[in-house]
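Given next are the chains, with one letter for each unit.
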Amino acid sequence: MTIRRADWLFLLAVGLVVAFVSLLPSPREQNPPIPGTPAHRGRVAEKDCLRCHDVGQARPLSDRHPKRRDCFRCHRQEDRG
Ligand code: HEC
Ligand code: HEC
C-alpha cells in the first residue's frame, strides 16, 4: 500500500487535535476553589457538601451548576492542593 499526500495531511490534522486537547487547562484550575472559611476548613468529606449546598440549604447551587456529585473533581481545596 502506498501512503498518499492526503493520508499525511490526515495524520497531521489528528496530531494537531491531540496537541490542542492536551494543552487545554484542566478544569480544576479554572473553577472556583473551595474557600478557606470555617465551613470548609478541615477535612470536609465530599458527601457533606450537600448539607449546605443542596436546594433549600444555606447556599444552594445555581441552576447552571453541573448536577454531578464528585465535587472535588472540579473544586480544589485551597489549603490542601
Ligand atoms: C457548613 C455549611 C457548608 C458546607 C458543609 C460546605 N459549604 Fe461550601 N459554602 C458555604 C457557604 C455559606 C458559602 C458561601 C460563603 C463563603 O464563602 O463562606 C460556600 C461557598 C462555597 C464555594 C465558593 C463559591 C464561590 O462563589 O466562589 C465553593 C466552591 C464551595 N462552597 C464548595 C463546597 C464543597 C465542595 C463542599 C464539600 C467539601 C462544601 N462547599 C461544603 C457553606 C458550606
Ligand atoms: C463538572 C465540574 C463540577 C463539579 C463536579 C462540581 N462543580 Fe461546583 N462549580 C463548577 C463550576 C464550573 C462553577 C462555576 C459556575 C459559575 O460560574 O456559574 C461552580 C460553582 C460552584 C459554586 C458557586 C456558584 C454556584 O453555582 O452556586 C459552589 C458553591 C459549588 N460549585 C459547589 C459544588 C459542590 C458542593 C459540588 C459537589 C456536590 C460541586 N460544586 C461539584 C464545576 C463543578
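Just above sits the structure.
Residues numbered from 1 in each chain as written. Chains lettered and ligands numbered in written order. Predicted model: local features only at pLDDT ≥ 70, side-chain atom pairs only at ≥ 80, totals over all residues. Heavy atoms only, no water.

(A) Here's a closer look at the environment of V55. Along the polypeptide, V55 turns up in the loop between α3 (49–53) and α4 (71–74). The exposed category is assigned to V55, whose relative accessible area is 72%. Note: C-alpha distance between V55 and F20 (35 residues apart in sequence) is 38 Å. (Helix = DSSP H or I, 4+ residues; strand = E, 2+ residues; numbered from the N terminus. Buried < 20%, exposed > 50% of the residue type's maximum accessible area, 1.4 Å probe, protein only.)

(B) Here's a closer look at the site of ligand 1. In the region of ligand 1, 18 residues are neighbours, and H40, C49, C52, H53 and R59 sit closest. Measuring from a nitrogen atom of ligand 1, one finds a side-chain N or O atom of H40 at 2.7 Å. One of the side-chain nitrogen or oxygen atoms of H53 is found 2.7 Å away from a nitrogen atom of ligand 1. Where the shell around ligand 1 is concerned, the elements lending two or more residues are α3 and α4. Sort the elements by how many residues they give to the shell around ligand 1 and α3 lands first, with four residues. Among the residues making up the shell around ligand 1, the classes are represented as eleven nonpolar, four polar and three charged. (Near = heavy atom within 4 Å. Polar contact = N/O pair within 3.5 Å; in protein donor to acceptor, adjacent residues only side chain to side chain. Nonpolar A, V, L, I, M, F, W, Y, C, P; charged D, E, K, R; others polar.)

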